[in-house]
Amino acid sequence: MKKILLSAAVVMVCGSLAAGGFAETRTGRSGEELFKEHCSACHPEGGNIISTSKTLRKADREAHGIMNQTDIVEKMRHPGKGMTSWSASTLPDADALEIADYILKTFK
Ligand code: HEC
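Residue numbers restart at each chain and count upward from 1, following the sequence in its written direction. It should be noted that, the model being predicted, local features are given only for residues of pLDDT at least 70 and side-chain atom pairs only at 80 or more, the latter also being counted only at that level, while totals for whole chains, interfaces and linings use all residues. Hydrogens and waters are ignored; side-chain quantities use all the structure's heavy atoms.

### Let's talk about the side chain of R77
Each helix is a run of DSSP H or I of at least 4 residues and each strand a run of E of at least 2, with the numbering of both proceeding from the N terminus. Looking at the element boundaries, R77 is found in helix 4 (residues 69-77). Under the relative-accessibility criterion, R77 is labelled buried at 16%. Under this definition, polar contacts are N or O atom pairs within 3.5 Å; protein pairs additionally need one hydrogen-donor-capable and one acceptor-capable atom, and for neighbouring residues in sequence, both atoms have to be side-chain atoms. Among the polar contacts listed, one links the side chain of R77 to the side chain of D93, at a separation of 2.7 Å. Between buried and exposed lies partly exposed: a residue is buried under 20% and exposed over 50% of the maximum accessible area for its type, with that area taken using a 1.4 Å probe on protein chains only.

Next up, the structure:
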């Protein structure tokens, strides 16, 4: 009986550690979902409703020096006028990189 209780406790502790650790590193949502939640209000279909020349499409992006994932994450951390800013605590790097990857793959 003692043995059964002990192994049940071990399983419970391991289960909660695994769940807790996972939630800390990333939300587990796709770049597309995160983009829709955080970015698409101002950037519908990769456009830009505020600064109409600053779309997320390749030609516009690259004309403004935004070439890769790192550049896009940098923009979220330090945006220009009119764009919301996200720190690493409001939008973790793992999620920011997922969004950047989605943008690069989707808006050509
Ligand atoms: C409140 C509106 C708003 C939201 C929300 C917003 N943006 Fe922006 N975004 C802008 C504006 C305005 C600019 C132009 C100013 C600038 O260059 O920072 C811009 C510019 C950009 C650019 C540069 C495009 C270019 O051609 O130079 C990128 C990349 C970008 N946003 C990515 C994002 C991402 C990723 C998100 C979501 C995490 C996001 N934006 C959310 C308004 C917004």
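### Overview of the coordination of the iron atom of the ligand
Distances from the iron atom of the ligand to its protein donors, H43 (NE2) and M83 (SD), fall within 2.0 to 2.2 Å. Of note is the iron atom of the ligand, whose six donor atoms meet at the metal with angles of 86 to 179° in an arrangement that counts as octahedral. Of this pair, H43 sits in the loop between helix 2 (31-38) and helix 3 (58-63) while M83 sits in the loop between helix 4 and helix 5 (93-106), placing them 40 residues apart in sequence. Owing to a relative accessible area of 11%, H43 belongs among the buried residues under this scheme. Residue M83 is classed as partly exposed on the basis of its relative accessible area, which comes to 30%. Sodium, potassium and calcium take a 3.2 Å donor cutoff, other metals 2.8 Å, and in both cases only N, O and S atoms count; water is not among them, so sites may look incomplete. Geometry assignment treats four donors as tetrahedral when all angles are between 85 and 135 degrees, treats four as square planar and six as octahedral when opposite donors are over 155 degrees apart and all others between 65 and 115, and treats everything else as irregular.

### Brief notes about the layout of surface pockets
Definitions used throughout: a 1 Å grid over protein atoms alone; a cavity as a set of points that fits a 1.4 Å probe which cannot get out; a pocket as an open set with protein on both sides within 12 Å along at least five of seven lines; a lining residue as one with an atom within 4 Å of a point. Grid points are joined across faces, edges and corners, and a volume is the space filled by probe spheres set on the points. Approximately 520 Å³ is the volume found for the largest pocket. Around the largest pocket, the lining comprises 24 residues; the ones closest to its centre are H43, N48, L56, K75 and M83. Broken down by secondary-structure element, the contributors of at least two residues to the lining of the largest pocket are helix 4 and helix 5.

### Comments concerning the environment of F107
Tracing the chain through its elements places F107 in the segment after helix 5. What makes F107 buried here is its relative accessible area of 8%. When the C-alpha positions of F107 and R57 are compared, they lie 4.9 Å apart, and in sequence the two are 50 residues distant. The residues contacting F107, other than those within four sequence positions of it, are F35, E45, G46, L56, R57, K58, R61 and Y102. Here a residue-residue contact requires only that any non-hydrogen atoms of the pair lie within 4.5 Å.

### A look at the site of the ligand
Taken together, the neighbourhood of the ligand is formed by 25 residues, with C39, C42, H43, G80 and M83 sitting nearest. H43 is positioned with one of its side-chain polar atoms (N or O) 2.8 Å from a nitrogen atom of the ligand. Here H64 contributes a side-chain N or O atom positioned 2.8 Å from an oxygen atom of the ligand. A cavity or pocket is said to hold a molecule if more than half of that molecule's atoms lie within 2 Å of its grid points. Because more than half of its atoms lie within 2 Å of the grid, the ligand is assigned to the largest pocket. A cutoff of 4 Å decides nearness: a residue is near a molecule or strand if any of its heavy atoms lies inside that distance of it.

These figures come from the coordinates and say nothing about function on their own.
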